[in-house]
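Chain residues, written in single-letter form:
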Amino acid sequence: MIRPMLGEAWSAMNANRLRAALTMLGMVIGVGAVVIMLAIGQGAQYAIQQTISTMGSNLFIVLSGFSSSGGVRSGSGGGPTLTVADADAIAELDGVANVAPTHQGSRQVIYGAQNWSTQVIGTTPAYLDARAWSITSGSGFSDSDVRSATRVVVIGQTVAENLFGEEEPVGKTMRIQQSPFVVIGVLGAKGQSLDGRDQDDTVLIPLTTAQRKVFGTPFVGSVRMIMVQTERADQMEQVMAQTTALLRQRHRLRDDMPDDFFMRNLSAAAESEAATTRTMSILLGAIASISLIVGGIGIMNIMLVSVTERTREIGIRMAIGARQRDILLQFLLEAVMISFAGCFTGLLLGIAIALGINALTGMVIVISGTAALLAFAVAASVGIFFGWYPAQKAARLDPIEALRYQ
Amino acid sequence: MTEAVIRVEGLGKSYQTAAGEFPALRGVNLRVDGGEYLAIMGPSGSGKSTFMNLLGCLDRPSSGAYFLAGANVAEMDRDALARLRNHTLGFVFQGFNLLPRMSLQDNVALPLVYAGVDKASRRARARVLLERVGLGQYADSLPNRISGGQQQRVAIARALVNQPRLILADEPTGNLDSQTSEDIMALFDSLNRDGITIVLVTHELDIAEHARRQVRFRDGCIISDHLTGAAA
Ligand SMILES: Nc1ncnc2c1ncn2[C@@H]1O[C@H](COP(=O)(O)OP(=O)(O)O)[C@@H](O)[C@H]1O
Ligand SMILES: [Mg+2]
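Please read all numbers here as calculations on a predicted model, not as lab measurements.

Enquirer: What's the story with the site of ligand 1 in this structure? I'm lost.
Expert: In the vicinity of ligand 1 there are 13 residues, among which B:Gly45, B:Gly47, B:Lys48, B:Ser49 and B:Thr50 approach most closely. Each of chains A and B places residues near ligand 1. Contact distances for ligand 1 include 3.3 Å between an oxygen atom and a backbone N or O atom of B:Ser46. Residue B:Thr50 places a side-chain N or O atom 2.5 Å away from an oxygen atom belonging to ligand 1. Its free accessible area being 560 Å², ligand 1 has 68% of it covered by the protein chains.

Enquirer: I'm lost on the layout of surface pockets in this one. Help?
Expert: It is the rolling of a water-molecule-sized probe over the atoms that shows where space remains empty. Here the largest pocket defines a volume of roughly 750 Å³. What lines the largest pocket is a set of 30 residues, and nearest its centre among them are A:Pro4, A:Glu8, B:Met102, B:Asp106 and B:Val113. Elements supplying a minimum of two residues to the lining of the largest pocket: α1 (2–15) and α10 (311–319) of chain A together with α3 (104–115) and α4 (119–132) of chain B. For the lining of the largest pocket, the per-class residue count stands at 11 nonpolar, five polar and 14 charged.

Enquirer: How should I be thinking about the nonpolar core in this particular structure?
Expert: Generally speaking, a soluble globular protein has its nonpolar side chains buried in company with each other. Residues B:Ile6, B:Phe51 and B:Val199 are the most contacted members of the largest nonpolar core, which totals 78 residues. Broken down by element, the residue count for this core peaks at 10 residues, all from helix α11 (residues 324–361) of chain A. One finds B:Tyr37, B:Ala39, B:Ala157 and B:Ala211 within the second-largest nonpolar core, a separate group that totals 39 residues.

Enquirer: Would you mind showing me how to read the pairing of strand β9 (residues 173–176) of chain A here?
Expert: Consecutive side chains along a regular strand alternate between the two faces of the sheet. Residues and elements named next belong to chain A. Only one face of β9 is buried: it carries Met174 and Ile176, and the other face, with Thr173 and Arg175, is open. Across two bridges, the pairing between strand β5 (residues 96–111) and β9 is antiparallel. Paired with isoleucine 110 across the two strands is arginine 175, which belongs to β9. The sheet contact formed by β9 and strand β10 (residues 179–187) spans four bridges and is antiparallel. Its bridge partner lying in β10, threonine 173 is registered against valine 182.

Enquirer: Is there a simple way to explain a nonpolar patch on the surface in this structure?
Expert: Residues and elements named next belong to chain A. A contiguous nonpolar patch, built from Leu18, Leu22, Leu25 and Ile29 and spanning about 430 Å² of accessible area, is present on the exposed surface. Structurally, leucine 22 is set in helix α2 (residues 17–55). You can call leucine 22 exposed: its relative accessible area is 54%.

Enquirer: Which parts of the structure should I look at to understand the packing of aromatic side chains?
Expert: All names here are of chain B. Inspection of the entire model under this criterion finds four aromatic pairs over all chains. Their ring planes at 45° and their centres at 5.2 Å tell us that phenylalanine 51 and phenylalanine 217 sit as a pair that is tilted. One end of the pair, phenylalanine 51, is in helix α1 (residues 48–55); the other, phenylalanine 217, is in strand β9 (residues 213–218), with 166 residues separating them in the sequence. In terms of burial, phenylalanine 51 and phenylalanine 217 fall into one category: buried. With a centroid separation of 4.9 Å and an interplanar angle of 35°, the aromatic rings of phenylalanine 91 and phenylalanine 93 are classed as tilted.

Enquirer: Before we go on, may I ask you to explain the sheet that holds strand β6 (residues 89–92) of chain B in this structure?
Expert: One key point about sheets: their strands pair by backbone hydrogen bonds, in either a parallel or an antiparallel sense. All names here are of chain B. One open sheet accounts for six strands, arranged β6-β7-β8-β3-β9-β10; its pairing is mixed. Across the chains shown, the open sheet's two edge strands, defined by having one partner strand only, are β6 and β10 (221–227). The average angle at which neighbouring strand axes cross in this sheet is 15°, direction not considered. Relative to β9, strand β3 (residues 37–41) runs parallel, the two sharing four bridges. What sits directly across from methionine 41, in β9, is arginine 216.

What counts and what doesn't
Residues numbered from 1 in each chain as written. Chains lettered and ligands numbered in written order. Predicted model: local features only at pLDDT ≥ 70, side-chain atom pairs only at ≥ 80, totals over all residues. Heavy atoms only, no water. Near = heavy atom within 4 Å. Polar contact = N/O pair within 3.5 Å; in protein donor to acceptor, adjacent residues only side chain to side chain. Areas by Shrake-Rupley, 256 points an atom, 1.4 Å probe, with all protein chains shown as cover. 1 Å grid on protein atoms, 1.4 Å probe; cavity = no way out; pocket = protein on both sides within 12 Å on 5 of 7 lines; lining within 4 Å. Points joined across faces, edges and corners; volume = space filled by probe spheres on them. Helix = DSSP H or I, 4+ residues; strand = E, 2+ residues; numbered from the N terminus. Nonpolar A, V, L, I, M, F, W, Y, C, P; charged D, E, K, R; others polar. Core = buried A, V, L, I, M, F, W, Y, C linked by side-chain atoms within 4.5 Å. Buried < 20%, exposed > 50% of the residue type's maximum accessible area, 1.4 Å probe, protein only. Pairing = 2+ DSSP bridges. Patch = residues over 30% accessible without salt bridge, like charges linked within 9 Å, V, L, I, M, F, W, Y side chains within 5 Å. Salt bridge = Lys/Arg side-chain N within 4 Å of Asp/Glu carboxyl O. Phe/Tyr/Trp six-rings, centres within 6.5 Å; stacked < 30°, edge-to-face > 60°. Axes fitted to C-alpha atoms, helices over the stretch in contact; angles between N-to-C directions.

What follows is the structure, given as structure tokens:
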């Protein structure tokens with residue numbers, strides 16, 4: 001039953017090509033818009049997910065405030081309030097996987113004639129674990145390097161490229177400020193961070209070396225920041241609360257005194273960024289799908305015209321034995337066919353434009369099979385939904401009235 | 001006695017018009033047996049087409065009863081009526097009513113589509129019928145490529161394709177010249193010889209002479225019903 005009707009629907013569409021094409025245009029634009037919006041939205045989500053996965057998971061940081069000696073806070077005059085001993089104490093808390101005290105700053109690095117300004121991070125080996133940072137050649141530094149403040153450095157990809165070019169950096173001696181450092185390892189690439197910085201534009205050195213030889217802080221044992229990683233995501237809140245209590249106790253803060261440190265949940269910040277992107281991409285898709293409805297109304301409009309124009313044909317078909325459901329099916333098939341053809345064209349057009357956007361702007365786009373499938377499901381639904389009323393109208397015609405129609 | 005092909009009792013049909021209800025048929029009684037060849041005559045507006053549309057299950061009566069091959073048409077739903085139009089009777093119109101975008105073969109085969117016949121059989125049977133009406137060589141042409149008389153022959157082939165026992169024709173030669181009309185009537189004659197019951201409406205006496213029985217309408221009533229010379 002369906003097969004001869006498909007053929008008829010096809011020839012009906014062919015009989016009025018311009019009209020069918022114009023009717024399809026609404027669907028083409030609607031599906032095209034949805035495909036492009038989904039590609040861009042999913043691309044943005046993908047980019048965010050990539051970035052988040054390079055950051056490391058279940059992370060929060062404790063930033064030091066400033067205080068003068070004696071526990072009285074005084075704006076900026078004193079040294080950092082956090083110490084390596086604080087970090088060691090946090091490491092004893094339940095649920096803590098890694099703790100990395102860090103001291104960082106921007107410094108000139110030099111190798112031969114090459115000169116580069118980069119972020120120098122003094123830290124402990126736990127930092128690499130917390131950030132799930134791999135080493136592509138050589139090795140990282142050890143706890144004993146930290147204890148004896150050796151002059152070794154692990155460099156990021158960007159620094160390796162800018163200072164060493166094609167040369168193998170491991171084993172070479174470079175300088176940070178004036179001090180010579182031996183490169184013992186090169187870090188794996190991580191790309192951009194959430195705030196757009198190049199995470200590979202960095203070098204890691206032992207915390208003690210940083211404090212004594214690079215930053216020259218007068219407050220030995222104090223640090224700017226402590227990075228903490230919990231074992232599981234659901235432990236974040238609890239560990240952060242315990243850290244606050246622990247630090248207040250260690251810093252001997254009375255109940256009426258504010259914290260002399262700040263905490264920031266990096267993973268939560270990343271998650272909320274991801275959620276924002278997700279919401280945005282859903283919103284874009286939703287707005288685009290409104291044009292699908294407009295396309296559907298276009299189909300309904302043309303189908304209504306077609307039913308009126310073909311009233312006599314419907315009468316003839318009924319006179320030779322077409323049942324109501326035969327007529328219904330015939331017009332429904334026509335609507336769905338137009339919808340499908342429009343959808344397919346829209347899909348191709350959308351993919352082409354999305355690829356074009358990617359080629360021209362470098363924006364990340366993701367074209368998923370799900371999106372394509374969704375577009376087709378929508379096309380079928382739109383065809384059936386908006387084709388139903390006209391088809392119903394055709395099927396309900398009275399045979400003799402339809403035959404008399406001129 | 002076998003069941004009549006057509007049996008109508010007190011059949012009435014009124015149309016709603018601006019001037020009120022208009023009775024186009026007023027209590028018609030008629031019985032047509034299998035194999036009969038009947039011509040309906042009468043002046044314009046006497047209710048012939050109204051009657052034919054009721055016989056063809058295209059319209060429903062306002063009053064009275066209609067039994068088609070023994071089945072009470074008044075009790076049937078739309079799908080059952082569609083089935084009767086498809087299987088039991090074939091209708092031939094004055095204006096041919098072929099579908100213009102379809103080849104002659106597809107036009108003839110269309111009732112078989114609604115009967116659920118497979119494609120190969122549809123083709124084969126449409127071919128046979130087109131050959132029978134002498135138009136086999138035009139099977140793939142569109143209706144507007146052939147003459148009116150040829151179109152009417154295609155319409156008759158279409159009416160026959162599902163092997164109905166009854167052919168209803170409302171002024172089948174009304175749009176045709178006299179020679180072509182004779183050809184069409186020869187076709188009806190041969191169908192009737194094959195045992196198909198035929199009821200046709202005509203204005204013209206020489207057309208009506210092909211039938212074996214003549215029924216005359218006036219003002220929605222049958223005023224005469226007699227055998228013709230052809231019956232003898
Ligand atoms: N759809 C209709 N609405 C109102 N009046 C109609 C309709 N069809 C036919 N009539 C009227 O019914 C009468 C019978 O018409 P019809 O059956 O077509 O006559 P015939 O075929 O014998 O010329 C005529 O007076 C005609 O005007
Ligand atoms: Mg008439």
